[in-house]
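Take a look at the letters that make up each chain.
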Amino acid sequence: MIYLPSQVILEVTSACNLCCKGCAIHGPQHYVTRPMGTMEEKVWRTAIADIGSWGREVNLTTHGGGEPLLHPRLKEILTFAKSFPRLEIGFLTNGMLLDQDWSEFLVSLGLDWISFSIDGVFPETHRIVRKRSDLNVIEDNLSTLLDIKQNAGTQKPRVMLNMVAYDEVLDQRELFVERWINKVDSIMISHYRNPPDSKRWPLIPADRKPCFLLWSQMVIAWDGRLGLCCEDFNIDFPLGRVTESPLLEIWNGQEISRVRNMHERGEFDSHSMCRVCDTWADNIVHESKNEARGYRIIQKASQTVYSAL
C-alpha cells in the first residue's frame, strides 16, 4: 500500500517578526532548539515539483514555524506552486507585513486561501499575547485585502481568521466572532496549549484511535528534512530529506511505517511524542447552527470554527 498525503506543510522559513505567547519556537519559553533558517530554492522547487506530480488534490501550506512573508522569494514560490493545477495553495500569516502590494499580488495570483492570526479585538491585549504586533496595522491590512478581493469580484483567496483563546483575551471571543463573521469566510477560536506541555487538548475521548495525521499530513522543514507530523516542532523524528529521495518513498519508508503500525496496534505509549499528544482527536467533528446569530459552528478538539450561514 502506497499512501499519499492530502496536506503538505512546506515551512518556507522558520524566522518570525513576532514573539507570541503560545509559540513553541519564538515564544517566551523558546524550547525548540533546531536551527532557524530559510528554505533554499533547490529544496522548494524539488519538493513542489514532486508534490505536483502525484496526480491528486493536495493542500500545500507554505508556512511552518515562522512568518512566510519573510521569505524573500515567497512570490516566486507561490507562483511556481500555482503552476500545478491540482495543488491548493495557502498560508497562515500574522498579517503585519501583508501590505497592499502583497494583497494585490495574492488576489491576482488566485491564491486559494489565507489565514490571519489575530488574538482578540483590543490592541492593548493583542500586543501582550503577540509581542511586537500592532492590531491596527493588521486589521488595516486585512481590510485592504478584503476590499481588493471584492473589487476584483473573486472568491479567492478564502480568508480565515484564527484567534487563540489566551486568558488575556478569553472574554473577547464573542466580540471577535461578531466583528468578522460577515466579512471573512471562517473564524477559528483555538484552545491555548501552554509550552512546553503543548500537545494536549481539553475534553478528549477516552477511547483513543490511531492518529489521522500519520496517513494524511506531510511536513517539510525549511532545511528539507521531513518531520513526523506538525506536532514534531523540533524535528526530533526526521524521516528523510527532500533532495535525497522522492517524497512518497520517504513518506512510505521504514520509520513512518513503524509508527503507523504502532498506532494500528494501539501501542501509542510506545512512542515518546505520541504518548503525550492529543491531536489524534482533532478529526472528531461536531456540527451545529446558531440560527439567531446566523452562523454555523464546527467543534473539534483543538478549536471551534464559525462560518456565516
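See the structure shown above.
Keep in mind it's a predicted model, so treat the numbers as computed, not measured.

**Q** I tried to follow unusual backbone geometry on my own but got confused; where do I start?
**A** If a residue is not glycine, its phi is most likely negative; likewise, a peptide bond is most likely trans. Of note, the bond from lysine 156 into proline 157 is cis; its omega dihedral lies within 30 degrees of zero at 0°. Positioned with a positive phi, arginine 132 is a non-glycine residue whose angle comes to about 80°. Take arginine 132: its relative accessible area is 58%, and that puts it in the exposed class. With a phi close to 55°, leucine 203 is a non-glycine residue in the positive phi region. Inspection of the secondary structure puts leucine 203 in the loop between strand E8 (186–190) and helix H7 (213–216).

**Q** How do you make sense of the packing of aromatic side chains when you look at a structure like this?
**A** The relation between two aromatic rings is expressed through the spacing of the ring centres and the mutual angle of the planes. Using the criterion set out here, one finds 5 aromatic pairs in the structure. Here tryptophan 44 and phenylalanine 80 contribute two aromatic rings whose centre-to-centre distance is 6.1 Å and whose plane-to-plane angle is 65°, an arrangement assigned as edge-to-face. With a gap of 36 residues between them, tryptophan 44 in helix H1 (residues 41–52) and phenylalanine 80 in helix H2 (residues 74–82) connect regions that are remote in the sequence. Taken individually, tryptophan 44 and phenylalanine 80 each receive the classification buried, so the pair is uniform in this respect. Through a chain of ring-to-ring contacts, the aromatic side chains of Trp44, Phe80 and Phe84 assemble into a single cluster. The aromatic ring of tryptophan 102 is capped on one face by lysine 75, whose charged end is 5.1 Å from the ring centroid. Sitting above the plane of the tryptophan 251 ring, arginine 260 keeps its charged end 4.6 Å from the centroid.

**Q** Help me understand the pattern of salt bridges in this model?
**A** Close approach of charged atoms allows side chains of opposite charge to pair. On inspection of all chains with the given rule, the structure shows 24 salt bridges. For glutamate 168, the salt bridge goes to lysine 21, with nearest N and O atoms at 3.0 Å. Taken together, the residues span a long stretch of sequence, with glutamate 168 in the loop between strand E7 (158–164) and helix H6 (173–180) and lysine 21 in the loop between strand E2 (19–20) and H1 at a distance of 147 residues. Overall, glutamate 168 belongs to the partly exposed group, its relative accessible area being 30%. Residue classification places lysine 21 among the partly exposed positions, given a relative accessible area of 23%. Glutamate 76 is the partner of arginine 45 in a salt bridge, and the nearest nitrogen-oxygen pair spans 3.0 Å.

**Q** Just checking my understanding: could you explain the nonpolar core for this structure?
**A** Soluble globular proteins tend to pack their nonpolar side chains together in the buried interior. Core analysis: the biggest nonpolar cluster contains 80 residues, and Ile48, Leu78, Phe116 and Ile220 have the highest contact counts within it. Setting aside chain neighbours within four positions, we find isoleucine 220 in contact with Val8, Ile9, Leu10, Glu11, Met39, Ala47, Arg225, Leu226, Val242 and Leu247.

**Q** It is not clear to me how H6 should be interpreted in this structure. Could you clarify?
**A** Helical geometry: 3.6 residues make up each α-helical turn, so side chains three or four residues apart lie on a common side. Along H6, the residues classified as buried are Phe176, Val177 and Trp180. Looking straight down H6, one finds that the buried residues subtend no more than 95° of arc, so they occupy a single side.

**Q** Would you mind showing me how to read the environment of serine 143 here?
**A** Position of serine 143 relative to the elements: it lies in helix H5 (residues 135–152). On a C-alpha basis, the gap between serine 143 and tryptophan 54 in space is 36 Å, while along the polypeptide they are 89 residues apart.

**Q** Got a minute to help me understand the pairing of strand E5 (residues 113–117) in this structure?
**A** Where a strand is regular, its side chains alternate between the two sheet faces. The element E5 is largely enclosed, with a buried count of 5 among its 5 residues. Burial of E5 is two-sided: the residues Trp113, Ser115 and Ser117 facing one way and the residues Ile114 and Phe116 facing the other way are all buried. Where strand E4 (residues 87–93) meets E5, 4 bridges bridge the pair, whose relative direction is parallel. Along E5, the bridge assignment pairs threonine 93 with phenylalanine 116. A crossover links E4 with its parallel partner E5, the connecting element being helix H3 (residues 100–109), and its sense is right-handed.

What counts, and at which threshold
Counting restarts for each chain, with residues numbered from 1 along the sequence as it is written. Local features in this predicted model are restricted to residues whose pLDDT is 70 or higher, and side-chain atom pairs enter the listing and the counts only when it is 80 or higher, whereas totals over whole chains, interfaces and linings include all residues. Calculation of side-chain values draws on the structure's entire complement of heavy atoms; hydrogens and water are dropped beforehand. Burial classes follow relative accessibility: with a 1.4 Å probe on protein chains only, a residue under 20% of its type's maximum area counts as buried, one over 50% as exposed, and anything between as partly exposed. Under the DSSP-based scheme used, a helix requires at least four consecutive residues in state H or I and a strand at least two consecutive residues in state E, with every element numbered from the N terminus. Here is the rule: rings of Phe, Tyr and Trp (six-membered ring for Trp) pair when centre to centre is within 6.5 Å. Planes less than 30 degrees apart are stacked, more than 60 are edge-to-face, and the remainder are tilted. Note on criteria: charge over ring means Lys NZ or Arg CZ within 6 Å of the ring centre, with the direction from the centre no more than 35 degrees off the ring normal. The working definition used for a salt bridge is a side-chain nitrogen of Lys or Arg within 4 Å of a carboxyl oxygen of Asp or Glu. Side-chain atoms within 4.5 Å link the members of a nonpolar core, which is a set of buried Ala, Val, Leu, Ile, Met, Phe, Trp, Tyr and Cys residues. Residues count as neighbours in contact if any of their non-hydrogen atoms are within 4.5 Å of one another. An arc is given here, and it is the one of the directions from the helix axis to the C-beta atoms. When DSSP locates at least two bridges between a pair of strands, those strands are taken to pair. The crossover handedness rule: strands pointing away from the viewer, path from first strand over the helix to second strand clockwise, crossover right-handed.

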